[in-house]
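Observations on the three-dimensional arrangement
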Amino acid sequence: MEQYKKEHRLVLPVPMYHSDYNIWAVLKNCIGKELSKITMPVVFNEPLSFLQRMAEYMEYGHLLTIAAQQEDPVQRLQYVIGFAVSALASNWERLGKPFNPLLGETYELEREDFKIICEQVSHHPPVSAFHAESGDWFFHGSIHPKLKFWGKSVEIQPKGTVTVEFPKLKEAYTWTNVTCCVHNIIMGKMWMEQCGTMEIVSHLSGYKAHLTFKQAGGNSKDLHKVEGYISDKSKQKLYYIYGKWTEFIKCTDYHSYEEFVKENLHKQKTSDQKSKSPNDSPSHTSKKMLQKFNSLKVSSFRTQNSTQEAEDVDDSDEILKGEPSVIVEIPNSTTIWKVNPRPPQSGDYYQFTEFAMSLNELEPGMDQNLCPTDSRLRPDIRKLEQGDIDGAAIEKTRLEEKQRDANKHRKHKSAVQWSPRWFKQEINSYTNHEDWIYTGNYWERQFAEVPDIF
Ligand code: CLR
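Predicted model, so just to flag it, every value in this text is computed and none were measured.

**Some words on the environment of Pro341**
Mapping Pro341 onto the fold places it in the loop between strand E16 (334-338) and helix H8 (354-358). Overall, the relative accessible area of 69% leaves Pro341 in the exposed class. On a C-alpha basis, the gap between Pro341 and Glu247 in space is 9.1 Å, while along the polypeptide they are 94 residues apart.

**Description of the packing of helix H3 (residues 62-69) against helix H4 (residues 73-86)**
The contact between H3 and H4 brings their axes to 8 Å, and the two run at 170°. Taken together, the axes of H3 and H4 are roughly antiparallel relative to one another. Across from Leu63, Leu64, Ile66 and Ala67 in H3, the residues of H4 making contact are Arg76, Tyr79, Val80, Gly82, Phe83 and Ser86. Residues belonging to the contact of H3 with H4 are distributed by class as follows: 7 nonpolar, 2 polar and 1 charged.

**Looking at H3**
Looking only at H3, the buried set comprises Leu63, Leu64, Thr65, Ala67 and Ala68. Summarising the contacts, the buried residues of H3 are in contact with H4, strand E6 (138-149), strand E8 (161-166) and E16.

**Notes on the site of the ligand**
The full set close to the ligand counts 19 residues, and Ile23, Tyr57, Asn91, Pro98 and Asn177 are the nearest of them. Within the side chain of Tyr57, one N or O atom sits 2.7 Å away from an oxygen atom of the ligand. Contact between the ligand and Asn177: an oxygen atom at 3.4 Å from a side-chain N or O atom of the residue. Summarising the interface, the protein chains cover 97% of the accessible area of the ligand, which totals 600 Å² for the free molecule. Only helix H1 (23-27), helix H2 (50-55), E6 and strand E7 (154-159) provide two or more residues apiece to the shell around the ligand. When its residues are assigned to classes, the shell around the ligand shows 14 nonpolar, 3 polar and 2 charged.

**Structural notes on the environment of Glu105**
Mapped onto the elements of the fold, Glu105 is located in the loop between strand E2 (97-99) and strand E3 (106-111). Each C-alpha atom of the pair Glu105 and Glu119 lies 5.8 Å from the other, and the pair is 14 residues apart in sequence. When sequence neighbours within four positions are dropped, the list of residues in contact with Glu105 reads Ser49, Leu51, Cys118, Glu119, Gln120, Thr373, Ser375, Arg378, Ile453 and Phe454.

**A word on the nonpolar core**
Counting residues in hydrophobic clusters, the biggest one holds 81 residues, and the most contacted among them are Phe139, Trp175 and Ile200. In contact with Trp175, not counting residues within four places along its chain, are Val80, Phe83, Ala84, Phe139, Gly160, Thr161, Val162, Val164, Met198, Glu199 and Ile200. Among the nonpolar cores identified, the runner-up in size contains 13 residues, and Val127, Trp436, Tyr438 and Phe447 belong to it.

**Quick notes on the packing of aromatic side chains**
The full count for this structure, using the stated rule, is 18 aromatic pairs. Taking the centre distance of 5.1 Å and the plane angle of 40° together, the rings of Tyr442 and Phe447 count as tilted. For Tyr442, a relative accessible area of 0% puts it in the buried group. Through pairs of rings, three or more aromatic residues link up here, namely Tyr57, Phe83, Phe130, Phe139 and Trp175. The ring of Phe248 carries Lys250 above its face, with NZ or CZ at 5.2 Å from the centroid.

**Concerning the pattern of salt bridges**
Going through the model one piece at a time under the given rule, you end up with 20 salt bridges. With a closest N to O distance of 2.8 Å, Arg378 and Asp380 form a salt bridge. You'll find Arg378 and Asp380 in the same group, each marked buried. Glu395 serves as the salt-bridge partner of Arg398, at 2.7 Å between the closest nitrogen and oxygen. Of this pair, Arg398 and Glu395 both sit in helix H11 (residues 389-412), 3 residues apart, which is roughly one turn of the helix. Residue classification places Arg398 among the partly exposed residues on the basis of a relative accessible area of 33%. Put simply, Glu46, Arg53, Glu56 and Arg94 are held in one network by salt bridges that share partners.

**A few points about the pairing of strand E18 (residues 433-438)**
Across 6 bridges, the pairing between strand E17 (residues 423-428) and E18 is antiparallel. When the sheet's bridge partners are listed, Glu426 is paired in E18 with Asp435. Between E17 and E18, which pair antiparallel and follow one another directly, the connecting turn spans 4 residues, one of which, Asn432, has a positive phi of 60°.

**As for unusual backbone geometry**
Cis geometry marks the peptide bond from His124 to Pro125, where omega comes out at 0°. Within the secondary structure layout, Pro125 lies in the loop between strand E4 (114-122) and strand E5 (127-133). Positive phi is not limited to glycine here, since Asn332 has a value of about 65°. In this fold, Asn332 is placed in the loop between helix H7 (307-318) and E16. Overall, Asn332 belongs to the exposed group, its relative accessible area being 57%. Residue Asn432 is not a glycine yet carries a positive backbone phi of 60°. Turning to its location among the elements, Asn432 is positioned in the loop between E17 and E18.

So, how was this worked out
- Residues numbered from 1 in each chain as written.
- Predicted model: local features only at pLDDT ≥ 70, side-chain atom pairs only at ≥ 80, totals over all residues.
- Heavy atoms only, no water.
- Helix = DSSP H or I, 4+ residues; strand = E, 2+ residues; numbered from the N terminus.
- Buried < 20%, exposed > 50% of the residue type's maximum accessible area, 1.4 Å probe, protein only.
- Axes fitted to C-alpha atoms, helices over the stretch in contact; angles between N-to-C directions.
- Parallel < 35°, antiparallel > 145°, perpendicular 65-115°, else oblique.
- Contact = heavy atoms within 4.5 Å.
- Nonpolar A, V, L, I, M, F, W, Y, C, P; charged D, E, K, R; others polar.
- Near = heavy atom within 4 Å.
- Polar contact = N/O pair within 3.5 Å; in protein donor to acceptor, adjacent residues only side chain to side chain.
- Areas by Shrake-Rupley, 256 points an atom, 1.4 Å probe, with all protein chains shown as cover.
- Core = buried A, V, L, I, M, F, W, Y, C linked by side-chain atoms within 4.5 Å.
- Phe/Tyr/Trp six-rings, centres within 6.5 Å; stacked < 30°, edge-to-face > 60°.
- Lys NZ or Arg CZ within 6 Å of the ring centre and 35° of its normal.
- Salt bridge = Lys/Arg side-chain N within 4 Å of Asp/Glu carboxyl O.
- Pairing = 2+ DSSP bridges.

That's the geometry; what it means functionally is another story.
Pasting the structure below:
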């Protein structure tokens, strides 16, 4: 198989432009606002559209193929967990803003083990829908990223559920992505974390994965950590899951985990007794840390202008203190997913992964074949990719004006209303919530009637 793999480019045409533009100058007027309505200078962008960014969920798509091959539903769920967490890995250190997709913009990607089609189905609010498939599974959903600026940090809630289906097994899993926080917007080094809980539900068997993406707070100890468990219908915990969304996910049976915890508590107790100063004992320190952690949880984001609590948040936002701890391997663990290393030149190319580097590539022959609304044909993104910042800014303004005019036109005349080309709004039968469902036919490549949006 390997030797038939297509070669993709490993870097962009030119390295990124490192600007000293102050992001604060743009954002200070936007505290508490919904960021999607604010136009940002192109120097804060990365040369990808959000649709392409969504296709990055697929970097470890082979995990779904492995999941489909499992006979045991619990093992299947383990690989779905691996896939759900792996989908976030490419976000690590990626602090550029992807371009907002234009209404009706599309993005397709076909690789050895899957193909995906994405479409911008709504502009206000911005909603991007996607549908990926291989012979054994479907993965689909819609994301409506809600960006909120809270002063020193930006909080991004990716609203919308995603669904994995194994049609041959008549089985489906759904979950919602966790909240993403970008810290140190005003000063200091920007950094990002993913926080919150993710519940992956198997709708046929009733098995559930409950994952917690930990908040780092002021201490690096928990930075990027993910932990949780798989439980069955009767809420019995079967497996313990642990790792980091930036590195790996492992899994062990719950009994091994409990034994491991018992043993470590015992070790800690004996070392506590030996320690002379009670104030320095590990349990005291961890109690202090826990208090701090809890106060952070309560105050974070919501109380920026209330003095005392806001200061607590400020401390933690500045720098992460201490080295991130190494995760100890628990007996009987298996690794479900491990991250691909970043290419060596990643730092000069927007911290892109190898997968991301290839997403805007115009492969030979594509120009004949590609849907005219495909992100790869967006001139502003292409210009930024080629290092032409001014040209990119001009094109971006032009495209946004063109979009506005098209919108106005639809409002005033009794003209044909716009509706998405490849998706329709429907109830997702697994979640009973409104969702965007693929209507099919994209890959038949009948593109004559798509709108002119570029
Ligand atoms: C995170 C994973 C979610 C989907 C999602 C939605 C919006 C994305 C976010 C991800 C990553 C961070 C992101 C954000 C939009 C803007 C933000 C790219 C992919 C960047 C880092 C914003 C930069 C902040 C500016 C103020 C510079 O499932």
